[in-house]
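The chain contents come next:
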Amino acid sequence: MAIWHDIAPEGRDDFYAWHGEEHMPERADIPGFIRGRRYVATRAGLEFFNLYETSSPEVLKGSDYLSRLNSPTPWTTATVKHFRNVARSLCRVEYTSSHGEGGLIATLRYDVPQASAVDHLTHMKNVILPSLSRQPGIAGLHLLVADVGASAIRTEEQKHRAEANRIPAWVLLVEGWGDERPFEAWSDATLSANFWSEAGATGPADIGFYRLQNVRTAVSREP
């Protein structure tokens, strides 16, 4: 699950406290959740990026997760009203390659014409992304495709937000493990208009650069 958003200034301190003390532990406690990460922008249109990993896409459509969304805590209700410009997608991972975990991440939200979606996915998985994963300084690459129907379901938690979510259909995540400026410069040069034209995509739509702020990993339930 990938989520981007801003926070109204008056809710900023409460957001940090809620996200670290209640929200991340609550999500990590849901069966099937593996890890949650929160990033803050170094250069992006939306200030925060949150990435939640699960054992399968079905976890995000299951009763354990939905029951939390439909029974938000009082602290959650009070905090999410400060969310602005939310973009949220429940995704399946179509490609992943990792040499480790980077403290920097570039997020790219884009679209692909339906008629060329299969060809685009095949070309990305077999040609473009394997080549990019071998570039110096790249810790990982992940291509996500949204389940638009599942992402569009309105829950009680979302009803307390000031506005409806946008749903990015295609998401490319590029993790870096070096310094911010060289990573951003490489991304700007590599993920240019020519890149997206070759890939058969509509874009680049939105690119943002973020650094890691917080990580929460699920506690093992094995005896």
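Preceding this section is the structure that the text describes.
Read on for a plain summary of the structure. (Residues numbered from 1 in each chain as written. Predicted model: local features only at pLDDT ≥ 70, side-chain atom pairs only at ≥ 80, totals over all residues. Heavy atoms only, no water.)

### So, the packing of aromatic side chains
Convention followed: When the centres of two rings from Phe, Tyr and Trp lie within 6.5 Å, Trp using its six-membered ring, the rings pair. Their planes under 30 degrees apart give stacked, over 60 give edge-to-face, and anything left gives tilted. Helix and strand definitions here come from DSSP, where helices need a minimum of 4 consecutive H or I residues and strands a minimum of 2 consecutive E residues; each element is numbered from the N-terminal end. Only protein chains enter the calculation, and the probe is 1.4 Å; a residue is then buried if its accessible area is under 20% of its type maximum, exposed if over 50%, and partly exposed in between.
The full count for this structure, using the stated rule, is 15 aromatic pairs. Centroid distance W18 to F83: 6.1 Å. Interplanar angle 85°. Geometry classified as edge-to-face. Here W18, found in helix α1 (residues 12-28), pairs with F83, found in strand β4 (residues 83-89); they are 65 residues apart in sequence, far enough to count as distant. When its relative accessible area of 5% is taken as the criterion, F83 is described as buried. Taken together, the aromatic side chains of F15, Y16, W18, F48 and F83 make up a single cluster linked through ring pairs.

### A short note on empty space enclosed by the protein
Applicable threshold: We place a 1 Å grid over just the protein atoms. Points where a 1.4 Å probe fits but has no way out form a cavity, open points with protein on both sides within 12 Å along at least 5 of 7 lines form a pocket, and any residue with an atom within 4 Å of a point lines it. Grid points are joined across faces, edges and corners, and a volume is the space filled by probe spheres set on the points.
Summed over all chains, the structure comprises one cavity of 30 Å³ or more. By volume, the largest cavity is sized at about 140 Å³. Along the walls of the largest cavity sit 17 residues, with I3, H23, F83, E157 and R161 positioned nearest its centre. Mapped onto the lining of the largest cavity, the elements with two or more residues apiece are β1 (2-7), α1, β3 (48-54), α2 (63-69), β4 and α6 (156-159). In terms of residue count, α1 provides more of the lining of the largest cavity than any other element does, four residues in total.

### Focus on the pattern of salt bridges
As a reminder, the rule being used: What makes a salt bridge here is a side-chain nitrogen of Lys or Arg within 4 Å of a carboxyl oxygen of Asp or Glu, nothing more.
In this structure the tally under the stated criterion is 19 salt bridges. E101 is the partner of R35 in a salt bridge, and the nearest nitrogen-oxygen pair spans 2.6 Å. Of this pair, R35 sits in strand β2 (residues 33-43) while E101 sits in the loop between β5 (91-98) and β6 (104-111), and the two are 66 residues apart along the sequence. Judged by its relative accessible area of 56%, E101 is exposed. Ionic pairing is found between E94 and R92, a salt bridge with its closest N-O pair at 2.4 Å. For R92, a relative accessible area of 39% gives the class partly exposed. Three or more residues joined by partner-sharing salt bridges are found here, namely R35, R37, E53, E101 and E175.

### A look at helix α4 (residues 117-133)
Rules: Think of it this way: the bend at a residue is just the angle between two axes, each fitted to seven residues, one set ending at that residue and the other starting at it.
The largest bend in α4 amounts to roughly 45° and is located at M124. Turning to α4, its buried residues number three or more, namely A117, H120, L121, M124, I128, L129, P130, L132 and S133.

### Details of the layout of surface pockets
How we decide: Throughout, the ten residues Ala, Val, Leu, Ile, Met, Phe, Trp, Tyr, Cys and Pro are labelled nonpolar, Asp, Glu, Lys and Arg are labelled charged, and all others, Gly among them, are labelled polar.
Looking at the largest pocket, its volume works out to about 380 Å³. For the lining of the largest pocket, the secondary structure elements donating two or more residues are β2, β3, β5, β7 (138-146) and β8 (170-176). Here the lining of the largest pocket takes five residues from β5, the largest share from any one element. Per-class residue counts for the lining of the largest pocket are nine nonpolar, seven polar and six charged.

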